[in-house]
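Below, each chain spelled out in residue letters.
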Amino acid sequence: MSEQNKGFRVAVVGATGAVGEVMLELLAERQFPISEIAALASSRSAGRQVQFGGKSLTVEDLATFDFSGWDFALFSAGGSISAEHAPRAAKAGCTVIDNTSHFRMDPDCPLVVPEVNADVLDDFSGGGIIANPNCSTIQMVLAVAPLHRAAGVSRINVATYQSVSGAGKAAMEELAQQSKDRFNFKDPTVEALNAPIAFNVIPMIDVLQDNGYSKEEMKMHNETRRILGTDDIAVNATAVRVPVFFGHGEAVHLETVEPLDVEQARELLASAPGVEVMQGEELATPLTHASGNDPAYVCRLRRDISHPRGLCFWVVADNVRKGAALNAIQIAEYLAGRARN
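Attention here is on the structure that accompanies the text. Everything quoted here is computed from the prediction, not taken from an experiment.

Once that is clear, we can look at the sheet that holds strand β11 (residues 248-256). Here we have 6 strands laid out as an open sheet, ordered β10-β9-β11-β14-β13-β12, and mixed in their pairing. Both outer strands of the open sheet, β10 (234-241) and β12 (275-277), are each paired with one neighbouring strand and no more. Averaged over all adjacent pairs, the angle separating strand axes in this sheet is 20 degrees, with direction ignored. Two strands pair when backbone bridges link them, and strand β9 (residues 153-162) and β11 are joined in this way by 8 bridges, in the antiparallel orientation. Paired with Ile-156 across the bridge in β11 is Leu-254. The sheet contacts of helix α4 (residues 135-151) involve β9, β10, β11, β12, β13 (296-303) and β14 (310-317), and relative to β11 the element is tilted by about 25 degrees. Contacts between helix α6 (residues 215-228) and the sheet are confined to β9, β10 and β11, with β10 contributing the most and set at about 145 degrees to the helix.

So this is what it looks like as structure tokens:
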């Protein structure tokens, strides 16, 4: 931290990607205390311009960048890039907040949703790696955590409805182009995803594992248990890609250990940080609520008529903001606040 400016030196890795762009936007919007900022990407993107607040930054080559003396590095450039360069940044004394799945199950790397388990950072010192959870996990645990604290959650069944931005810019472009092609009676070209996405849903995200679940589905199982600090919660997920540009939706069905009625659950959710509960019959959708906003929005809260201690709800959140960029910045804000106190 610069004593002269009372700010931090921050590097954004993957600055030309969808999440990297939002990281830069939010750092400026939230007025994170910055004395110097660097936008980093691969050599083929070096020299490009990206926006930070009201000014342009020239993208630098990650491969040759020296992290010595830098306070934070926010990584969102893919798992293989993080695997190679995040340890190098951490070794140079930089605190890395990584948005890929590479370090999420590493016991030496905290896995953090600040509203839920920021306390795991209280013993964290600079020069290490902190993992950002999967976008679908983040919005689910924001809503599940207060219910789990109050009554214990034993089991979660969740079906996700995940937007194409979760698969990157190429998938977003593919949805747009396929939509045009459909309206012009042309056969769609499939490249970024594993099936046509325009006017369609794809019932698998990422690759299948030996147990028949996809990698995305197992992330939700493993990460939820780690964030909530228990192996007693069973998470059964089905991850689906839908033709939406921004914002993931999830239909969550959970079972509690102790009885918890709907009104108690509503009160707990309404007071939970990072969560907004819709009133009456108001519906939260990716387009009308999640896209471009920070909270996780909950609606359709109800008793599960098939289980005596079951609750059901629908939750949406912007997967690029809270599901990625914002969560990483909130981690940095927590550490920055601790450093300044």
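So that's the structure; there's more coming.
Another aspect to go through is the packing of aromatic side chains. For the coordinates displayed, the defined rule picks out 8 aromatic pairs. Among the aromatic residues, those joined into a cluster by ring pairs are Phe-65, Phe-67, Trp-70 and Phe-75. Here the basic side chain of Arg-9 rests over the ring of Trp-70, its NZ or CZ set 4.2 Å away from the ring centre.

We now examine the state of the cysteines. Here, the word disulfide means a covalent bond between the sulfur atoms of two cysteines. For the coordinates displayed, the defined rule picks out 0 disulfides. Here Cys-135 stays free of any disulfide, with the sulfur of Cys-299 as its closest cysteine sulfur at 19 Å. Residue Cys-135 is classed as buried on the basis of its relative accessible area of 13%. The structure places no disulfide on Cys-299, whose sulfur is separated from the nearest cysteine sulfur, that of Cys-312, by 12 Å.

Thresholds, definitions, all that
- Residues numbered from 1 in each chain as written.
- Predicted model: local features only at pLDDT ≥ 70, side-chain atom pairs only at ≥ 80, totals over all residues.
- Heavy atoms only, no water.
- Pairing = 2+ DSSP bridges.
- Helix = DSSP H or I, 4+ residues; strand = E, 2+ residues; numbered from the N terminus.
- Axes fitted to C-alpha atoms, helices over the stretch in contact; angles between N-to-C directions.
- Contact = heavy atoms within 4.5 Å.
- Phe/Tyr/Trp six-rings, centres within 6.5 Å; stacked < 30°, edge-to-face > 60°.
- Lys NZ or Arg CZ within 6 Å of the ring centre and 35° of its normal.
- Disulfide = S-S within 2.5 Å.
- Buried < 20%, exposed > 50% of the residue type's maximum accessible area, 1.4 Å probe, protein only.

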